[in-house]
Amino acid sequence: MKRTMQVSDSIVINCGADAIWEQVADPTQMPRWSSENTGASTSVGPRPLRVGEVFDGTNRRGRATWVTECVVIDSVPGSRFAFTVRKIGPRSPTLTGNNATWSYTFEEVGGKTCVTETWNDDRITWPNWVAVAFDRVVTGGTTFADFQRLNIHRTLTAMKDEFEQRT
């Protein structure tokens, strides 16, 4: 069984791309929209991050909690923000390895913004059967692709709801 290595979804938000990008590019803001992310910390404080800057993210899924170390790989105001998860661990990010890359693109459409969130499974060296078995255990019975498809939809919907309440 070949696994899906990328999942993406988009939503149109009645708000400018620069305003949305500024919030998304500051990982400390993500818990406002994400059902799994519970916080983030940086050495530079809360602000949009630049390429090469690092942040730690805290996460929860059911009773499981974990911490990730992420590095920003793209940060273009009003256009794109992306990071890769390079370490992970239950209390601190200690296990090094390719995990995932998350990206957000922002495209102006008629005074609104199309926001696209994409998850890439970076576990390319994992045999499919190992990844599928692992995924079913940590997601409660599904693949990461299916699980992230739902997470992305929830995150984008929460963003839309929040940003459109402000306008």
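Structure: see above.
What you see is a predicted model, and the numbers here were worked out from it, not measured in a lab.

Scoring rules and cut-offs
- Residues numbered from 1 in each chain as written.
- Predicted model: local features only at pLDDT ≥ 70, side-chain atom pairs only at ≥ 80, totals over all residues.
- Heavy atoms only, no water.
- Phe/Tyr/Trp six-rings, centres within 6.5 Å; stacked < 30°, edge-to-face > 60°.
- Helix = DSSP H or I, 4+ residues; strand = E, 2+ residues; numbered from the N terminus.
- Buried < 20%, exposed > 50% of the residue type's maximum accessible area, 1.4 Å probe, protein only.
- Axes fitted to C-alpha atoms, helices over the stretch in contact; angles between N-to-C directions.
- Parallel < 35°, antiparallel > 145°, perpendicular 65-115°, else oblique.
- Left-handed = near helix turned anticlockwise from the far one by under 90°.
- Contact = heavy atoms within 4.5 Å.
- Nonpolar A, V, L, I, M, F, W, Y, C, P; charged D, E, K, R; others polar.
- Pairing = 2+ DSSP bridges.

I'd like a description of the packing of aromatic side chains, backed by residues and values.
Applying the stated criterion across every chain yields a total of six aromatic pairs. For the ring pair W119 and F144, a centre distance of 6.3 Å and an interplane angle of 45° mean the geometry is tilted. You can see W119 sitting in strand β7 (residues 112-121) and its partner F144 sitting in helix α3 (residues 144-166), a full 25 residues away along the chain. For F144, a relative accessible area of 11% translates into the label buried. Between F134 and F144 the ring centres are 6.4 Å apart and the planes differ by 45°, which places this aromatic pair in the tilted class. One end of the pair, F134, is in helix α2 (residues 128-139); the other, F144, is in helix α3, and 10 residues separate them in sequence. Taken together, the ring pairs in this structure connect W119, W126, F134 and F144 into an aromatic cluster.

Lay out the packing of helix α1 (residues 17-24) against α3 in plain terms, naming residues and giving numbers.
Packing of α1 against α3 brings their axes to within 12 Å, and their N-to-C directions diverge by 125°. Taken together, α1 and α3 sit at an angle that is classed as oblique. As α1 packs across α3, the resulting crossing turns out to be right-handed. Judged by residue contacts, A19, I20, Q23 and V24 of α1 engage M159, F163 and R166 from α3. Its residues assigned to classes, the contact of α1 with α3 comprises five nonpolar, one polar and one charged.

Could you give an account of the sheet that holds strand β3 (residues 54-61), naming the residues involved and the relevant values?
For sheets, the rule is that strands pair by backbone hydrogen bonds, running either parallel or antiparallel. The seven strands lie next to each other as β1-β7-β6-β5-β4-β3-β2, forming an open sheet whose pairing is antiparallel. Here the strands that pair on one side only, and so sit at the sheet edges, are β1 (6-13) and β2 (37-42). The mean angle between the axes of side-by-side strands here comes to 25°, regardless of whether they run parallel or antiparallel. One ladder, built from nine bridges, connects strand β4 (residues 64-76) with strand β5 (residues 80-89); its direction is antiparallel. Bridge assignment links E69 to a residue of β5, and that residue is K87.

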